[in-house]
Amino acid sequence: MIRAEEFARRRLRLMEEAGEQAMVVLAAAPEAIRNGDSHYPYRQDSDFFYLTGFAEPDAVLVLLPGREKAQQLMFCRERNPERERWDGPRLGLEGAREQLGMDDAFPIEDLDEILPGLMEGCERIYHLVGKDLQLDQRIIGWRNRLRAAHKGERGPGELVSLEHLLHEQRLIKSRDELRCMNKAARISATAMTRAMRRCQAGASEADLMAELLHEYHRHSCQPAYQPIVAGGDNALVLHYIANNRALPDDGLVLIDAGCEFQGYAADISRTFPVSGRFSPAQRELYDLVLAAQNAAIDQVRPGRPFEAYHEAAVRTLTAGLIELGLLSGDLDQLIENQTYRRFYMHKTGHWLGLDVHDVGDYRLEGQSRVLEKNMVVTVEPGLYIGYEDDIPEQWRGIGIRIEDDIRVTGDEPENLTRSVPRLADEIEAVMR
Ligand code: GLY
Ligand code: MN
Ligand code: MN
């Protein structure tokens, strides 16, 4: 659980970095209509949540580091017993002050009225340029109104993207964030193991999907992204989400699924045989992906470039594909020419946090950035073998991915999702 003090610390740090001449503006995610008059389940914007812990729509956070008092303002929905009868409780203005730790709070309807005045004396407006075009327009409108009133002499000249400041902060996880991520990892790991146990000849993708969702919802969690439950060659579609077909008795099933706990995501993939026993060909490819994952995980250490673990996976996979006869030629040349991309077309991982593909630059000044303690990444090599004529029969239609969530520690990588069986023997044992 992230406490109000931590959200407050994050705001203070951001204000310090933005400087006294700045105004910071961030909006809550809008509600989204699914169809007719029903909505998608509401999910707060990750940046807004990171700074406030506030889960309601129709809210705008304004930070004014240069002010003596009232630096942190929330515009949000007022209490309204009639609406709350239908939609549930609202925090309201008093709640925003008391529970979120805001210096002051105003009705969201007053934003247009109040905001231009708040801009006076600011030189720069930080916001997430391009994220919410309506907000972008409103900010420009407020600024123009203020400048017109003062013949262009007052009001902020610069609109600056908040991305860099905020996302650098989100990249390194605090102790309490890591607690949430561990919890998401544990629930997701149990769900994945349940799906393995449930799997048998005659089961469908939907049966396994139901196991995952049951475990998430039991803990009041949501999927962190649309789960992938792909039987047989459905695994060759990287973003397969139909999850409604029968499983092939003698094939593999690839599951890529994780839940979020208090907004923090887990992201796990496992691939296992529907029958509970790998065929020799399936096992050979599986062990190759596993070897690539081990080589990659070993690179997730402080001081190593982010790129290093992808390179380690690519090298292991390419060497293995040569040995299996699926690629031929010189190892370095095949890597250099990216020939392996025919069978391995995605990257080996990404930052993980409030977003499953979390924020933060991967490159700094043209170079792969160096890993630091308490960054969390996924390590997810795979192989996807198509049906082309030049591919020997036994490999055709096999798709495999193994994905774990790894924390950069002071030295040895820490696997947050290690409790899910990963070795072929372990998987077979759990499925028996
Ligand atoms: N589940 C999305 C990913 O693995 O990146
Ligand atoms: Mn994944
Ligand atoms: Mn991933």
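Just above sits the structure.
Worth saying up front: this structure is predicted, and the values here are computed from it rather than measured. (Residues numbered from 1 in each chain as written. Chains lettered and ligands numbered in written order. Predicted model: local features only at pLDDT ≥ 70, side-chain atom pairs only at ≥ 80, totals over all residues. Heavy atoms only, no water.)

Trainee: Give me the lowdown on the packing of helix 1 (residues 4–18) against helix 7 (residues 163–171), citing residues and values where you can.
Mentor: Close contact between helix 1 and helix 7 brings their axes to 10 Å; oriented N to C, the two are set at 140°. By the criterion of interaxial angle, the relationship of helix 1 to helix 7 is oblique. Two packed elements cross with a definite hand, and for helix 1 against helix 7 that hand is right-handed. Contact residues: Arg-10, Arg-13, Leu-14, Glu-17 and Ala-18 in helix 1; Leu-165, Leu-166 and Gln-169 in helix 7. (Axes fitted to C-alpha atoms, helices over the stretch in contact; angles between N-to-C directions. Helix = DSSP H or I, 4+ residues; strand = E, 2+ residues; numbered from the N terminus. Parallel < 35°, antiparallel > 145°, perpendicular 65-115°, else oblique. Left-handed = near helix turned anticlockwise from the far one by under 90°. Contact = heavy atoms within 4.5 Å.)

Trainee: Account for the site of ligand 1, with residues named and values stated.
Mentor: Close to ligand 1 lie Tyr-225, Asp-256, Asp-267, His-350, His-357, Glu-380 and Glu-403, which account for all nearby residues. Take His-357: an N or O atom from its side chain is 2.6 Å from an oxygen atom of ligand 1. Contact distances for ligand 1 include 3.0 Å between an oxygen atom and a side-chain N or O atom of Glu-380. Of the residues assigned to the shell around ligand 1, the class counts are one nonpolar, two polar and four charged. (Near = heavy atom within 4 Å. Polar contact = N/O pair within 3.5 Å; in protein donor to acceptor, adjacent residues only side chain to side chain. Nonpolar A, V, L, I, M, F, W, Y, C, P; charged D, E, K, R; others polar.)

Trainee: I'd like a description of the pattern of salt bridges, backed by residues and values.
Mentor: Applying the stated criterion across every chain yields a total of 39 salt bridges. Residues Asp-87 and Arg-83 are paired through a salt bridge, measuring 2.9 Å at the closest nitrogen-oxygen approach. A residue pair is termed a helical-turn pair when its members lie 3 or 4 positions apart in one helix, as Asp-87 and Arg-83 do in helix 3 (residues 81–87) at four residues. Residue Asp-112 is joined to Arg-138 by a salt bridge in which the shortest nitrogen-to-oxygen separation is 3.5 Å. (Salt bridge = Lys/Arg side-chain N within 4 Å of Asp/Glu carboxyl O.)

Trainee: Could you give an account of the layout of surface pockets, with specific residues and numbers?
Mentor: One number sums up the size of the largest pocket: a volume of about 1100 Å³. Forming the walls of the largest pocket are 39 residues, and the residues nearest its centre are Tyr-42, Arg-43, Gln-44, Glu-260 and Gly-263. For the lining of the largest pocket, the elements supplying multiple residues, two or more each, are helix 1, helix 2 (46–52), helix 9 (205–218), strand 9 (222–223) and strand 12 (259–261). Residue composition of the lining of the largest pocket, grouped by class: 23 nonpolar, ten polar and six charged. Along the wall of the second largest pocket there are 17 residues; nearest its centre are Ile-228, His-239, Asp-256, His-357 and Glu-380. Counted by class, the lining of the second largest pocket contains five nonpolar, six polar and six charged residues. (1 Å grid on protein atoms, 1.4 Å probe; cavity = no way out; pocket = protein on both sides within 12 Å on 5 of 7 lines; lining within 4 Å. Points joined across faces, edges and corners; volume = space filled by probe spheres on them.)

Trainee: I'd like a description of the sheet that holds strand 6 (residues 104–107), backed by residues and values.
Mentor: Backbone hydrogen bonds are what pair the strands of a sheet, in a parallel or an antiparallel way. Pairing within the open sheet is mixed, and its six strands lie in the order 6-5-4-1-7-8. The open sheet has two edge strands, strand 6 and strand 8 (158–161), and neither has a second partner. Strand-to-strand twist in this sheet, taken as the mean axis angle between neighbours without regard to direction, amounts to 20°. Pairing geometry for strand 5 (residues 72–76) and strand 6, over four bridges, is parallel. (Pairing = 2+ DSSP bridges.)

Trainee: Any chance you could break down a negative patch on the surface for me, citing the residues and the numbers?
Mentor: A contiguous patch of negative charge on the surface is contributed by Glu-31, Asp-58, Glu-78, Glu-109, Asp-110 and Glu-113. For Asp-110, the location among the structural elements is in the loop between strand 6 and helix 5 (111–119). (Patch = residues over 30% accessible without salt bridge, like charges linked within 9 Å, V, L, I, M, F, W, Y side chains within 5 Å. Areas by Shrake-Rupley, 256 points an atom, 1.4 Å probe, with all protein chains shown as cover. Lys, Arg positive; Asp, Glu negative; His and termini not counted. Charge placed at Lys NZ, Arg CZ, Asp CG, Glu CD.)

Trainee: Describe in detail the coordination of the manganese ion (ligand 3), supporting the description with residues and values.
Mentor: The protein atoms that coordinate the manganese ion (ligand 3) are Asp-267 (OD), His-350 (NE2), Glu-380 (OE) and Glu-403 (OE), at distances of 2.1 to 2.2 Å. For the manganese ion (ligand 3), the six donor atoms are set out with angles of 51 to 155° between them, so the coordination reads as irregular. On the basis of relative accessible area, Glu-380 is assigned to the buried category, the value being 8%. (Donors = N, O, S within 2.8 Å, 3.2 Å for Na, K, Ca; no water. Tetrahedral: all angles 85-135°; square planar, octahedral: opposite > 155°, others 65-115°. Buried < 20%, exposed > 50% of the residue type's maximum accessible area, 1.4 Å probe, protein only.)

Trainee: Explain helix 9 to me, and be specific about the residues and the numbers.
Mentor: Helix length check: helix 9, at 14 residues, gives a terminal C-alpha distance of 20 Å against a target of 20 Å (1.5 Å per residue), a fit within 8%. All of the buried residues along helix 9 are Glu-205, Leu-208, Met-209, Glu-211, Leu-212, Glu-215 and Tyr-216. The buried side chains of helix 9 occupy one side of the element, clustering within an arc of 155° when seen end-on. Those residues of helix 9 hidden inside the fold are in contact with helix 8 (175–198), strand 9, strand 10 (228–231), strand 11 (252–257), strand 12 and strand 14 (268–273). Just past helix 9, the residue Ser-220 takes up positive phi, approximately 55°. (Expected span 1.5 Å × (residues − 1). Arc of directions from axis to C-beta.)

Trainee: Quick rundown of the coordination of the manganese ion (ligand 2)? Include the residues and the values.
Mentor: With distances of 2.0 to 2.4 Å, the protein atoms coordinating the manganese ion (ligand 2) are Asp-256 (OD), Asp-256 (OD), Asp-267 (OD) and Glu-403 (OE). In this structure, the manganese ion (ligand 2) is coordinated by six donor atoms arranged in irregular fashion, with angles at the metal of 57 to 170°. Going along the chain, you hit the donors of the manganese ion (ligand 2) in the pattern D-x10-D-x135-E. Between the manganese ion (ligand 2) and the manganese ion (ligand 3) the interatomic distance comes to 3.3 Å, and Asp-267 is a ligand of both metals. On the criterion of sequence distance, the pair formed by Asp-256 in strand 11 and Glu-403 in the loop between strand 19 (399–401) and strand 20 (404–407) is long-range, its members being 147 residues apart. Judged by relative accessible area, which is 7%, Asp-256 ranks as buried.

Trainee: Outline the packing of aromatic side chains, listing residues and values.
Mentor: Following the criterion strictly, the structure yields eight aromatic pairs and no others. On the numbers, 4.7 Å between centres and 55° between planes, the contact of Phe-306 with Tyr-362 is tilted. Placement of Phe-306 in the loop between helix 10 (280–297) and helix 11 (307–323) and of Tyr-362 in the loop between helix 12 (331–336) and strand 15 (363–364) is noted, with a sequence separation of 56 residues between them. The buried category is assigned to Phe-306, whose relative accessible area is 9%. For Tyr-362, a relative accessible area of 29% puts it in the partly exposed group. Each member of the aromatic cluster is reached from another via a ring pair, and the members are Phe-306, Tyr-309, Trp-351 and Tyr-362. Stacked on the ring of Tyr-50, the Lys or Arg Arg-10 has its end atom at 4.0 Å from the ring centre. (Phe/Tyr/Trp six-rings, centres within 6.5 Å; stacked < 30°, edge-to-face > 60°. Lys NZ or Arg CZ within 6 Å of the ring centre and 35° of its normal.)

These values are about where atoms sit, not about what they do.
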